[in-house]
Amino acid sequence: MGFMNRLKHGWNAFMNKDPTAYQNGTGLGAVSYDNPSRPRLTMGNERSIVTTIYNKISVDAAAIDVEHVMLDADKRFTDDVEDGLNYCLTMEANIDQTSRAFKQDIFLKLLDEGCVAIVPIDTTMDPVHGNVYDIQTMRTAKIINWYPRHVRVRIYNDHTGEFEEMDLPKKMVAIVENPFYAIMNAQNSTAHRLKRKLAILDFIDDRSGSDKLDLIIQLPYTIKSEAKRAQAKERRKELTEQLASSEYGIAYIDSTEHVTQLNRSIENNLLKQVEYFTNLLFSQLGMTVEILNGTADENTMNNYYNSIVEPILAAVVDEMNRKFLTKTARTKGHAIKYFRDPFKLVSTTNLAELADKFTRNCIMTSNEFRQVIGLRPVDDPKADTLTNNNISASNTELDQMYNTNSADEETEEQ
């Protein structure tokens, strides 16, 4: 497509508004002291250990590469597709987010809200009335209302700097459901019960840290008549004024009066319940404390990636394949795939052994493995060929000569 064609058929989710036509006095749009497009946790998640779990999963999932690729007849990866969709997935999703920040935004909102919408913003054609278009930018959105074939989403408009609501057809919006919804987002899920227990614990902690004294003063007379009760209230008021007006909070009492302090910690099983629900949430998700503090071994991390990160990542990629690629494109070999680095958790000692096995068995070239460890490729042509470097050159040359002679003899016989 040429520039004039894109200009003619280009489509924007916000009705192609002129980004400079603002009513703001500065002409720059709405002002904010914080990044309005940053994902924010809801429903009390930002005040509990759940935040740490969700953030860990979203960061690890965002570190895995997601690309628009071409597949052969056997569904094997052959090459990248250089289009706007792949640019959003690998470089820049919108003016505010890189591809990695955009992916983390997707996963964090998915875990927090249980569902997230991925909305194409700028496209080459109108996706509402057509199916063939290329995505130039996209953003995440919160689904507010559900209709049979449409959803109402709340999405950030980077032209005006404000959040706007709009109704969009489901066929053009990637709607991803959290595969762990029953554990994380259901009303009586383990995560919600843990958050409620933590909220109660925080309330008790706030009260214990307040400026209340919680004292009981025993007066030297019985308080049964109305006159004695009024006298007791007056005495309490007098003590309160003494403490409030004193610079150091000092008051005096009569020698016949006794003071009992009540602000001691009350024994209950709330902390044990918090620990129980925390361990239960870890076990249901397949996580351990070692994963969060970075001391987990390779087997534990692999189990974590396979049981938690992979299902979440697969849910997002499958929905993108369904909504952002037409059936014709999928038939021709187009697909959105994720690629996890298998050497990220391997130690240096094992990496050297794997390098020998992969190059010796012609699985990877020397230059390909040099990229794994962060080294530049070398100019040697042999470094880009799948050959066993442990076989001597003389044997290789003899094999080539044998193959050449055999081919010549077959030609002469014919």
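Predicted model only: the values in this text are computed from it and were never measured.

Conventions and cut-offs
- Residues numbered from 1 in each chain as written.
- Predicted model: local features only at pLDDT ≥ 70, side-chain atom pairs only at ≥ 80, totals over all residues.
- Heavy atoms only, no water.
- Helix = DSSP H or I, 4+ residues; strand = E, 2+ residues; numbered from the N terminus.
- Expected span 1.5 Å × (residues − 1).
- Buried < 20%, exposed > 50% of the residue type's maximum accessible area, 1.4 Å probe, protein only.
- Phe/Tyr/Trp six-rings, centres within 6.5 Å; stacked < 30°, edge-to-face > 60°.
- Lys NZ or Arg CZ within 6 Å of the ring centre and 35° of its normal.
- Salt bridge = Lys/Arg side-chain N within 4 Å of Asp/Glu carboxyl O.
- Core = buried A, V, L, I, M, F, W, Y, C linked by side-chain atoms within 4.5 Å.
- Contact = heavy atoms within 4.5 Å.
- Pairing = 2+ DSSP bridges.
- Axes fitted to C-alpha atoms, helices over the stretch in contact; angles between N-to-C directions.
- Parallel < 35°, antiparallel > 145°, perpendicular 65-115°, else oblique.
- Nonpolar A, V, L, I, M, F, W, Y, C, P; charged D, E, K, R; others polar.
- pLDDT = per-residue confidence, 0-100.

Student: Summarise helix 4 (residues 99-113); cite the residues concerned and give the values.
Tutor: Here helix 4 is 15 residues long and its end C-alpha atoms lie 21 Å apart, about the 21 Å a rise of 1.5 Å per residue gives. Across the 15 residues of helix 4, 11 count as buried, placing the element largely inside the fold.

Student: Describe the packing of aromatic side chains, naming the residues involved and giving the relevant values.
Tutor: The geometry of an aromatic ring pair comes down to the distance between the two centres and the angle between the two planes. What the rule picks out here adds up to 5 aromatic pairs. For the pair Phe343 and Phe358, a centre-to-centre distance of 5.5 Å together with 70° between the ring planes defines the contact as edge-to-face. Taken together, the residues Phe343 in the loop between strand 11 (334-339) and helix 12 (348-360) and Phe358 in helix 12 connect sequence positions 15 residues apart. Under the relative-accessibility criterion, Phe343 is labelled buried at 11%. Sitting above the plane of the Tyr305 ring, Arg340 keeps its charged end 4.2 Å from the centroid.

Student: Now, about the pattern of salt bridges: what can you tell me, with residues and values included?
Tutor: Following the criterion strictly, the structure yields 15 salt bridges and no others. A salt bridge links Lys56 to Asp60, with the shortest nitrogen-to-oxygen separation between them at 3.5 Å. Of this pair, Lys56 and Asp60 both sit in helix 2 (residues 50-62), separated by 4 residues, roughly a single helical turn. Accessibility expressed as a relative area gives 10% for Asp60, which makes it buried. Where Glu226 meets Arg229, a salt bridge forms, and the shortest distance between an N and an O atom there is 2.9 Å. You can see Glu226 and its partner Arg229 sitting in helix 7 (residues 226-245), 3 residues apart, about one turn around the helix. Using a relative accessible area of 55% as the deciding quantity, one classes Glu226 as exposed. Its relative accessible area of 35% is what places Arg229 among the partly exposed residues.

Student: For the environment of Lys197, give the residues involved together with the corresponding values.
Tutor: With respect to the secondary-structure elements, Lys197 resides in helix 6 (residues 190-208). Each C-alpha atom of the pair Lys197 and Val274 lies 6.2 Å from the other, and the pair is 77 residues apart in sequence.

Student: Summarise the nonpolar core; cite the residues concerned and give the values.
Tutor: A general trend in soluble globular proteins is that nonpolar side chains are found buried together. Core analysis: the biggest nonpolar cluster contains 67 residues, and Ile57, Ile118, Met138, Leu285, Met287 and Tyr304 have the highest contact counts within it. Ranked by residues supplied to this core, first place goes to helix 10 (residues 298-324) with 11 residues. Leaving out residues up to four positions away in the same chain, Met287 has contacts with Ile53, Lys56, Ile57, Phe282, Leu292, Tyr304 and Ile308. In terms of nonpolar packing, the next biggest core, distinct from the first, is built from 6 residues, Phe343, Ala355, Met364 and Phe369 among them.

Student: Quick one: what's the story with the pairing of strand 5 (residues 135-146), residue by residue and with numbers?
Tutor: Along any regular strand, the residues point their side chains to alternate faces of the sheet. Across 6 bridges, the pairing between strand 4 (residues 115-123) and strand 5 is antiparallel. Counterpart to Ile118 in the pairing with strand 5 is Thr140. Direction of pairing for strand 5 relative to strand 6 (residues 150-157): antiparallel, over a ladder of 4 bridges. Bridged to Ile143 within strand 6 is Val153. The turn joining strand 5 and strand 6, which pair antiparallel and follow one another in sequence, is formed by 3 residues.

Student: Which residues make up the packing of helix 2 against helix 10, and what are the values?
Tutor: For any two helices packed against each other, one specifies the inter-axial angle together with the distance between the axes. Look at helix 2 against helix 10: their axes get within 10 Å of each other, and the N-to-C directions meet at 75°. When the axes of helix 2 and helix 10 are compared, the pair comes out roughly perpendicular. Here helix 2 contributes Lys56, Ile57, Asp60 and Ala61 to the contact with helix 10, which in turn contributes Tyr304, Tyr305, Ile308, Val309, Ile312 and Leu313. Looking at the contact of helix 2 with helix 10, its residues break down into 8 nonpolar, no polar and 2 charged.

Student: Go over the environment of Tyr304, please, and point to the residues and values.
Tutor: Residue position: Tyr304 is located in helix 10. A relative accessible area of 0% means that Tyr304 is categorised as buried. Distance in space between the C-alpha atoms of Tyr304 and Ile291 is 8.1 Å, their sequence separation being 13 residues. When residues no more than four places from it in sequence are discounted, the contact partners of Tyr304 are Lys56, Ile57, Asp60, Met287, Ile291 and Val309.

Student: Lay out the side chain of Asn367 with the relevant residues and their values.
Tutor: Relative to the helices and strands, Asn367 is located in helix 13 (residues 366-372). Ignoring any residue separated from it by four or fewer positions in sequence, one finds Asn367 in contact with Pro377, Val378, Ala383 and Asp384.

Student: Got a sec to walk through the confidence of the model for the chain? Specific residues and values, please.
Tutor: Summary statistics for the chain give a mean pLDDT of 81 and a share of 81% for residues scoring 70 or more. Mean pLDDT per element in the chain: helix 14 (residues 393-413) is the minimum at 55, and strand 8 (residues 174-177) is the maximum at 95. Note on residues 17-22: pLDDT is under 50 here. Beyond four places in sequence and across chains, it has 8 contacts.

Student: Could you give an account of the packing of helix 4 against helix 10, with specific residues and numbers?
Tutor: It is the contact of helix 4 with helix 10, at a shortest axis distance of 11 Å, that shows an interaxial angle of 110°. In this view, helix 4 runs roughly perpendicular relative to helix 10, as classed from their interaxial angle. Contacts from Ile106, Phe107, Leu110 and Leu111 in helix 4 reach Ile312, Leu313, Val316 and Met320 in helix 10. Residues belonging to the contact of helix 4 with helix 10 are distributed by class as follows: 8 nonpolar, no polar and no charged.

Student: Which residues make up unusual backbone geometry, and what values go with them?
Tutor: Phi angles above zero are rare outside glycine, and Lys75 is one such case at about 65°. When you line up the elements, Lys75 lands in the loop between strand 2 (65-71) and strand 3 (77-80). Here Cys362, not a glycine, exhibits a phi torsion of approximately 60°, which is positive. Looking at where Cys362 falls in the secondary structure, it is placed in the loop between helix 12 and helix 13.

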